[in-house]
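Residue strings, one per chain:
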Amino acid sequence: MEGQSVEELLAKAEQDEAEKLQRITVHKELELEFDLGNLLASDRNPPTVLRQAGPTPEAELRALARDNTQLLINQLWQLPTERVEEALVARLPEATTRLPREKPLPRPRPLTRWQQFARLKGIRPKKKTNLVWDEVSGQWRRRWGYKRARDDTKEWLIEVPSGADPLEDQFAKRIQAKKERVAKNELNRLRNLARAHKMQLPSAAGMHPTGHQSKEELGRAMQVAKISTASVGRFQERLPKEKAPRGSGKKRKFQPLFGDFAAEKKNQLELLRVMNSKKPQLDVTRATNKQMREEDQEEAAKRRKMSQKGKKKGNRPGPGGKRKGGPPSQKGKRKGSLGGKKPSGLPGLGGKRKGGQHQGGKRRK
Amino acid sequence: MRPLTEEETRVMFEKIAKYIGENLQLLVDRPDGTYCFRLHNDRVYYVSEKILKLGANISGDKLVSLGTCFGKFTKTHKFRLHITALDYLAPYAKGFGVAAKSTQDCRKVDPMAIVVFHQADIGEYVRHEETLT
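Residues numbered from 1 in each chain as written. Chains lettered and ligands numbered in written order. Predicted model: local features only at pLDDT ≥ 70, side-chain atom pairs only at ≥ 80, totals over all residues. Heavy atoms only, no water.

**Considerations on the overall build of chain B**
Broken down by element type, chain B carries 6 helices and 7 strands. Written out in order from the N terminus, the α and β elements of chain B read β-α-α-β-β-α-β-β-α-β-α-β-α. Carbon and sulfur atoms provide 55% of the accessible area of chain B, an area that totals close to 9,000 Å². (Helix = DSSP H or I, 4+ residues; strand = E, 2+ residues; numbered from the N terminus. Areas by Shrake-Rupley, 256 points an atom, 1.4 Å probe, with all protein chains shown as cover.)

**Overview of a nonpolar patch on the surface**
On the surface, a cluster of nonpolar side chains totalling about 470 Å² of accessible area is made up of Ile-122, Tyr-125, Val-126 and Leu-132 of chain B. In this fold, Tyr-125 of chain B is placed in helix α6 (residues 123-127). (Patch = residues over 30% accessible without salt bridge, like charges linked within 9 Å, V, L, I, M, F, W, Y side chains within 5 Å. Salt bridge = Lys/Arg side-chain N within 4 Å of Asp/Glu carboxyl O.)

**Observations regarding the layout of surface pockets**
Residues and elements named next belong to chain B. Considered as a void within the structure, the second largest pocket measures approximately 780 Å³ in volume. Contributing to the lining of the second largest pocket are 24 residues, with Tyr-19, Leu-86, Ala-93, Phe-96 and Gln-119 lying nearest its centre. For the lining of the second largest pocket, the secondary structure elements donating two or more residues are α1 (6-20), β5 (79-81), α4 (86-89) and α6. Of the residues forming the lining of the second largest pocket, the biggest block, 3 residues, is contributed by α1. Along the lines of polarity and charge, the residues of the lining of the second largest pocket split into 12 nonpolar, 6 polar and 6 charged. (1 Å grid on protein atoms, 1.4 Å probe; cavity = no way out; pocket = protein on both sides within 12 Å on 5 of 7 lines; lining within 4 Å. Points joined across faces, edges and corners; volume = space filled by probe spheres on them. Nonpolar A, V, L, I, M, F, W, Y, C, P; charged D, E, K, R; others polar.)

**A short note on the pairing of strand β5 (residues 131-134) of chain A**
Residues and elements named next belong to chain A. Burial along β5 is one-sided: the residues Val-132 and Asp-134 are buried and none of Leu-131 and Trp-133 is. Sheet topology places β5 next to strand β6 (residues 139-142); 4 bridges connect them, and they run antiparallel. Counterpart to Trp-133 in the pairing with β6 is Trp-140. (Buried < 20%, exposed > 50% of the residue type's maximum accessible area, 1.4 Å probe, protein only. Pairing = 2+ DSSP bridges.)

**Things to note about the packing of aromatic side chains**
Taken as a whole and judged by the stated rule, the model has 10 aromatic pairs over all chains. Between the aromatic rings of Trp-133 of chain A and Trp-140 of chain A, the centroid separation amounts to 5.6 Å while the plane-to-plane angle is 70°, which identifies the pairing as edge-to-face. Exposure remark for Trp-140 of chain A: the relative accessible area of 56% places this residue in the exposed category. A ring pair is formed by Tyr-46 of chain B and Phe-70 of chain B, whose centres lie 5.1 Å apart and whose planes are at 45°; its orientation type is tilted. (Phe/Tyr/Trp six-rings, centres within 6.5 Å; stacked < 30°, edge-to-face > 60°.)

Keep in mind these values describe shape, not function.
Dropping the structure here:
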């Protein structure tokens, strides 16, 4: 019995070896071309087997792929190996196939203004040293840039020039001049860039008042002036008969087309639940707006009363501009933690406070 | 083409709920696939996810319709239900009619007075020939 099993085992082992060898060695008429740098194997054998296969050559394709991959891996095993952090790694040779460009060739850029001028005048760039000897600090400093050799903004003593106003701040003047130079440089750089991309710069072309501007130019200038404020024109007053500009609100943002379907479903089911619940739901935005308006009205009434009292008693110094905002009013609907967020602020700031808008809804009057 | 906003969804659901009531959640949450509502040129379409993914490849100006049109939003943002929605609403429909008298009058009127009108199209006579005398 045991003898038989040993023989059987040996036979089986031999069989396995033969199979493995068969699997590893692949016979091809034409040798494959390998580009191991790109892990590429090109098979130039004529595909007769595939042509004979019929409408669904799935099995044949799979066999072909297996054979070619086996050959590629055989090649990889022949490469020199090294050990990198406990892993055996083969060192790939240089890639021989040249891949095409991903992006098109860059087109030649137009010359900048300086380059045009230099070309015209025949000015060549002079080779300059990077470091210059700085007497003041007694070391080699850069020609320009951080900690440069002759930085006139860093001087601690400036003589007032003979023709200048003695009360003028010379240090500030130098710093201002530096800022202007930097801004001018930046402007020129952007102009060069715009010229290279053939884009239009937002220029102040028609904005300076001459005596001879047409109605349209004046209109445009007026529009630009109106929105050139910190609030982008939101609080600018209009003339009595002037109409509001249309289309000046924020652009609406919609959900993406394939958002999260599950989330969409959940929101819709929640909406349905609320609709079917038959109990009036608390609208947080409305509640907070109502609350804020009531508080504003209270403040206004109090102020009026104080000013009236002040006038009656003849210029009695009123209790200053700051008043703690009245007794914390418990009127109106409240949800949870609104009380904690309410600032006891100046009455004038009432309108600009942001209430606890949990859903971020619009302020609706 | 875009999904509906909260407001639009609410208006549309309120309208549809008048016809099918609570069964609306069966339209939203279906066991046999993910269906969703999409708005295109003011019309609301009820599409399966598969069709939606195919329809997204068509440019907006060339896309005429996709899935089933349930209805459209008018210029004043009211929702009008269309007949094309019938196939989806019919299985869940609630039987109803239009009240002929006000609530107060309904209580005072004699037992044989007409209280509810059942509105139907002319084809109802043909469809329900056996049950109607």
